[in-house]
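For reference, the chains in residue letters:
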Amino acid sequence: YKIDTDVDSLNSESKWKTDFAMARVGYAYRFFRHANEKMTWGFTAHGSVSAGGSINRSEGGFGGPVANAFSSRSAVVGGRVGFNVDLHIERFIMSWAIEYEGVKHVSGAPIGSSHFVQMTLIPIFRVGVDLGPKVQSIGR
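**Side note on the overall build of the chain**
On a plain count of helices and strands, the chain comes out with 0 helices and 7 strands. Taken from the N to the C terminus, the helices and strands of the chain come in the order β-β-β-β-β-β-β. Taking all 140 residues of the chain together, 34% fall into the buried category. The long-range share in the chain, meaning contacts at least 24 apart out of those at least 6 apart in sequence, stands at 58%. Accessible area for the chain stands at about 8700 Å²; split by element, carbon and sulfur atoms hold 63% of it.

**Remarks on the packing of aromatic side chains**
In total, this model carries 4 aromatic pairs according to the counting rule given. Geometrically, the ring pair formed by Phe 20 and Phe 116 is edge-to-face, given 5.0 Å between the ring centres and 85° between the ring planes. Of this pair, Phe 20 sits in strand β2 (residues 18–34) while Phe 116 sits in strand β6 (residues 113–120), placing them 96 residues apart in sequence. Phe 116 carries the same exposure label as Phe 20, and that label is buried. One aromatic cluster in this structure is built from Tyr 29, Phe 31 and Phe 43.

**Some remarks on the pairing of β2**
As paired strands, β2 and strand β3 (residues 39–56) are joined by 17 bridges and run antiparallel to one another. Within the sheet, the bridge partner assigned to Tyr 27 lies in β3 and is Gly 47. Where β2 hands over to β3, the hairpin turn is made up of 4 residues, counted between the paired strands.

**Re the environment of Thr 120**
With respect to the helices and strands, Thr 120 occurs in strand β6. Using a relative accessible area of 11% as the deciding quantity, one classes Thr 120 as buried. Each C-alpha atom of the pair Thr 120 and Ser 95 lies 7.9 Å from the other, and the pair is 25 residues apart in sequence. Not counting chain neighbours up to four residues away, the residues in contact with Thr 120 comprise Ser 95, Trp 96, Ala 97, Phe 125 and Arg 126.

**Quick notes on the confidence of the model for the chain**
Summarising the model, the chain shows a mean pLDDT of 79, and 73% of its residues fall at 70 or more. Least confident of the elements in the chain is strand β1 (residues 2–5), whose mean pLDDT is 59; most confident is strand β5 (residues 92–105), at 92. Low confidence marks residues 66–70, where pLDDT is under 50. Its contacts with residues over four positions away, or in another chain, come to 12 contacts.

**As for the side chain of Ser 48**
Inspection of the secondary structure assignment puts Ser 48 in strand β3. Not counting chain neighbours up to four residues away, the residues in contact with Ser 48 comprise Arg 24, Val 25, Gly 26, Gly 79 and Arg 80.

**Remarks on the environment of Gly 82**
Following the sequence through the fold, Gly 82 ends up in strand β4 (residues 73–89). Given a relative accessible area of 17%, Gly 82 falls into the buried group. A C-alpha to C-alpha distance of 9.4 Å links Gly 82 and Met 119, two positions 37 residues apart in sequence. Beyond its immediate sequence surroundings of up to four residues, Gly 82 is in contact with Thr 44, Ala 45, His 46, Ile 98 and Glu 99.

**Observations regarding the pairing of β5**
One ladder, built from 14 bridges, connects β4 with β5; its direction is antiparallel. Considered in β5, the bridge of Leu 87 is made with Met 94. In this antiparallel pair of consecutive strands, β4 and β5, the connection spans 2 residues, and Glu 90 shows a positive phi of 55°. When β5 meets strand β7 (residues 127–129), the two strands line up antiparallel, connected through 3 bridges. Bridge pairing in β7 places Phe 92 opposite Val 129. Bridge count for β5 against β6 is 8 bridges, and the pairing is antiparallel. In the strand pairing of β6, Ile 98 is matched with Met 119.

Here is what the cut-offs are and how they apply
- Residues numbered from 1 in each chain as written.
- Predicted model: local features only at pLDDT ≥ 70, side-chain atom pairs only at ≥ 80, totals over all residues.
- Heavy atoms only, no water.
- Helix = DSSP H or I, 4+ residues; strand = E, 2+ residues; numbered from the N terminus.
- Buried < 20%, exposed > 50% of the residue type's maximum accessible area, 1.4 Å probe, protein only.
- Contact = heavy atoms within 4.5 Å.
- Areas by Shrake-Rupley, 256 points an atom, 1.4 Å probe, with all protein chains shown as cover.
- Phe/Tyr/Trp six-rings, centres within 6.5 Å; stacked < 30°, edge-to-face > 60°.
- Pairing = 2+ DSSP bridges.
- pLDDT = per-residue confidence, 0-100.

So this is what it looks like as structure tokens:
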């Protein structure tokens with residue numbers, strides 16, 4: 001489940017300040033390449049279907065004329081694909097990712113679709129730890 005504030009929400013002159021709330025169900029395939037005893041690379045390709053809604057925060061409430069402005073609410077459906085590269089050093093993880101998601105506005109919106117591109121070029125923004133078995137022990 002993800003709540004996503006659209007880029008146009010940062011622009012003070014934009015008429016549409018749209019937030020998206022979406023749930024996703026999908027499949028991922030992960031494989032590992034062992035560099036040495038302490039370091040392992042993980043590669044993950046994934047895809048999912050998305051469903052949720054968009055909410056226009058510039059509407060000033062859920063009422064009002066729909067004909068002249070972006071609808072206060074709109075259902076959205078779509079899909080997402082992406083690829084992640086993880087470097088596991090013992091239990092510490094650094095990760096790079098790229099994802100694309102396209103969604104169609106089903107009702108009430110003057111635009112037909114929205115597109116999201118997400119990427120992590122600097123791995124310091126995606127760090128973590130392994131909680132299960134060490135990945136270095138997998139496949140050996």
